[in-house]
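Structural features, examined
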Amino acid sequence: MPRPVLSTYRLQMRGDCFTFDDAVNLLDYLERLGVSHLYLSPILTAAPGSTHGYDVTDPTTVSAALGGPEGLQRLSEAARSRGMGLIVDIVPNHVGVADPEQNPWWWDLLRHGRDSAYADYFDIDWDLDAGRIVLPVLGSDDDVADLAVDGDRLRLGDLVFPIAPGTGTGTGTEVHDRQHYRLTGWRSGICGYRRFFSITSLAALRQEDRAVFDASHVEVKRWFDEGLVDGLRIDHPDGLSDPAGYLRWLRELTGPDAWIVVEKILAADEALDGSLPVDGTTGYDALREVGGLFVAPAGEAALTAVSRAHDPEAEHRLKAAAVTDTLASELGRLSRVITAVTAHNDPQLPAAIAALIGRIGVYRSDYPALDAILPVALQQTACTAPELTDALATTAVALSNSAEVVSRFNQLCGAATAKAVEDCLFYRESRLVSLNEVGGAPELFGVTAAEFHQRATTRMRAWPSTMTALSTHDTKRGEDVRARVGLLSQVPETWADSVARWTASSAPPDRDTALFLWQNIFGVWPVGGNVTDELRSRLHAYAEKAIREAATRTSWHDPDVDFENEVHAWLDRVFDGPVAAELTSLVAQLEAHARNDSLGQKLIQLTAPGIPDVYQGTETIEDSLVDPDNRRPVDHAALRSAVERGDDDKLRVTMAALALRRARPQTFLAGAYTPLPATGSAATHLVTFQRGEDVVVAACRWTVALAETGWGDTALPLPAGRWRDRLSDRRWAGLVQLSELLADSPVALLERTDD
């Protein structure tokens, strides 16, 4: 019987610095921290040197670099001996093919083509080039002339491809022309297989085929047959042809008691389909809600005035452009399938598909709970672009008659959302960048207490065991950076004045770029003002990634070296010039309030409905930015020392909350969620709720204004009974003055002591 999942601790497994045995050596610390389950990043065999594991090259084996099956066995047994368990992240949507020789299935496919035993494992567009698989992996089409025959391989520098039996005589070009694949330049925009978004090195698997599912889950099945793991995190199920069908097969494989959560990115007005046989999402929805509580709505107007004018149509345009440009190969394939299904060749069809996807505000709309989204989007698109009405009708007919069209349309929709919104728009919007997060809704400017309580109540009723998160390996900024940036909503005029002054004195090459980067720089600026070489390097790397993702002046495909050099030079002027002292002064002035928000959101996440995940290292204040920055190795020795010292407030809050979860599991797994409103003049500065009958959580917010007014007459009517604060050890009952309850801390965690 699996151990009940009360909390998880995400570990980024890496063959170069954190293996199964390293995790075994960390178990004593994690046990003391109070987590119930280790949550491992992908552990199947990945590309050599992979630092993340999502580029799996052999899904049938555990990574030897991490310690192989023996290492996993040791970790599982060692965790079990301490009453802990394992959750593992798996990647069903795709495998890594950057180096074909490393992936046995892909290598065999390229060698034998349609005669390969694995021909049906991949989603190949066999009609694109007369049965040859188009591989856009060359610098240009002309590079084919430089291919050389090397035994039974074709070689071009580090690129190696198999030669089909009996086709290896002649020049490299002549041999290439006889293969089951055709190598092309990556700029062609043509790809002969479905991939993960637009990443050519990640080829999609056809999990809708039961044989493919069984072959790719043989190792996962072993884990459950032998009781090695207790649950799974499913990476990007929306990329699959049939996510719901896949999850049903997975539930059969794992059994009814396994804890399964899916990386499902929900829009603010989207609910997870209740028919899915899972325990919930990986927590981006909760991340938005918890963090949004600490954004002060009063700052919206002033921050809006500072930022680039918001364009409500930007998302629609960017998604349509992503479909047309970045995902042109996928659009072409979908258009051909629709034409074949309807026997109607409409030249407007690609434009209609792109415009329609631009109007769909979710990753995919074919879940039963989302049946109303597509028809509304069809109507909106027709009203906006009446010239596309006939092509939209053709699309609707195909969607009604073809399961393949439905799946390909929705796979394209998800890829467009990721590329246009998360990987582009969220690097342009500069009003308050802490809201520009995976699953975020920056246009809503935070979350009211009313919204939060309603969503928490719904989560407790519908998905009590869903994961909740504040930081992940994919967040754009770590939780403490977001907390500090969110603080700007409390001092918008101060921020506006500072940005105007700093921009004038530092002369950035582009105003919009500077507006976006200022908040990120502020978010990680050291309190003492000491910009180390490491931090300088990290911010330069972040800035380069950010401006390429934004794609307004430079991009990944067409980098503008001159502009990028100007941005780097500007950053150095900021680090080394007079602005640095002002940044340090502002950070020091607001740091206590930023820490208050960090503690408040942490305690709420750890105690609100759901199963909280602690991303590695976030039990203390840290300053991570987007990947790969947030996947850096963690200094576990420093964390151990912090536990011994007992002087780290965030660590103390984390340990207290996790300990209480272990002491009162039913309170958090099944206990009710009840908002507890405070009374008095400063009541809006408090977020309070009760779990079950025996836990009360209180966290203050918007503390910049609160520091000026004080709590005054504000009080919290406690439920009946006697209560002890797990953080201060003070005792309370009845009507408690907030000036007393939160005299020494911005948060309180009360446990009933008379039950």
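Here, the structure is the one placed above.
These numbers were taken from a predicted model, which means no experiment stands behind them.

Within strand β5 (residues 85-90), 6 of the 6 residues are buried, which leaves the element mostly enclosed by the surrounding structure. The two faces of β5 match: G85, I87 and D89 on one face and L86, V88 and I90 on the other face are all buried. The sheet contact formed by strand β2 (residues 37-40) and β5 spans 4 bridges and is parallel. Along β5, the bridge assignment pairs H37 with G85. Pairing between β5 and strand β14 (residues 231-234): 4 bridges, direction parallel.

Before going further, it helps to spend a moment on the pattern of salt bridges. Using the criterion set out here, one finds 70 salt bridges in the structure. Across the pair R32 and E644 runs a salt bridge whose closest N-O atoms are separated by 2.5 Å. Taken together, the positions of R32 in helix α1 (residues 20-33) and E644 in helix α23 (residues 636-645) put the pair 612 residues apart, joining distant regions of the chain. Between D209 and R206 there is a salt bridge, with its nearest N and O atoms 3.6 Å apart. You can call R206 partly exposed: its relative accessible area is 22%. Several salt bridges share partner residues, and in doing so they unite D123, D125, R194, R333, R336, E404 and R408 into one network.

We now examine helix α22 (residues 579-607). Counted at 1.5 Å a residue, the expected span for α22 with its 29 residues is 42 Å, and the 40 Å between its end C-alpha atoms agrees. The principal kink in α22, of about 50°, is found at E591. With 22 of 29 residues buried, α22 is to be regarded as a mostly interior element.

Bringing the side chain of Q411 into the picture now. Checked against the element boundaries, Q411 lands in helix α15 (residues 403-422). The exposure class assigned to Q411 is buried, which follows from its relative accessible area of 10%. Side-chain polar atoms of Q411 contact the backbone oxygen of G239, separated by 3.0 Å. Dropping the residues within four chain positions of it, Q411 is found in contact with R194, D238, G239, L240, S241 and R364.

Applying the stated criterion across every chain yields a total of 16 aromatic pairs. With centroids separated by 5.0 Å and ring planes inclined at 70°, the aromatic side chains of W106 and Y193 adopt a geometry described as edge-to-face. Of this pair, W106 sits in helix α3 (residues 104-112) while Y193 sits in the loop between β11 (181-185) and β12 (195-196); the two residues are 87 residues apart in sequence, bridging distant segments of the chain. We classify W106 as buried; its relative accessible area is 2%. With a centroid separation of 4.9 Å and an interplanar angle of 35°, the aromatic rings of Y673 and F689 are classed as tilted. Of this pair, Y673 sits in strand β19 (residues 673-675) while F689 sits in strand β20 (residues 686-691), and the two are 16 residues apart along the sequence. Each member of the pair, Y673 as well as F689, carries the same accessibility label: buried.

Basis of the calculations
Residues numbered from 1 in each chain as written. Predicted model: local features only at pLDDT ≥ 70, side-chain atom pairs only at ≥ 80, totals over all residues. Heavy atoms only, no water. Buried < 20%, exposed > 50% of the residue type's maximum accessible area, 1.4 Å probe, protein only. Helix = DSSP H or I, 4+ residues; strand = E, 2+ residues; numbered from the N terminus. Pairing = 2+ DSSP bridges. Salt bridge = Lys/Arg side-chain N within 4 Å of Asp/Glu carboxyl O. Expected span 1.5 Å × (residues − 1). Bend = angle between axes of the 7 residues up to and from the residue. Polar contact = N/O pair within 3.5 Å; in protein donor to acceptor, adjacent residues only side chain to side chain. Contact = heavy atoms within 4.5 Å. Phe/Tyr/Trp six-rings, centres within 6.5 Å; stacked < 30°, edge-to-face > 60°.

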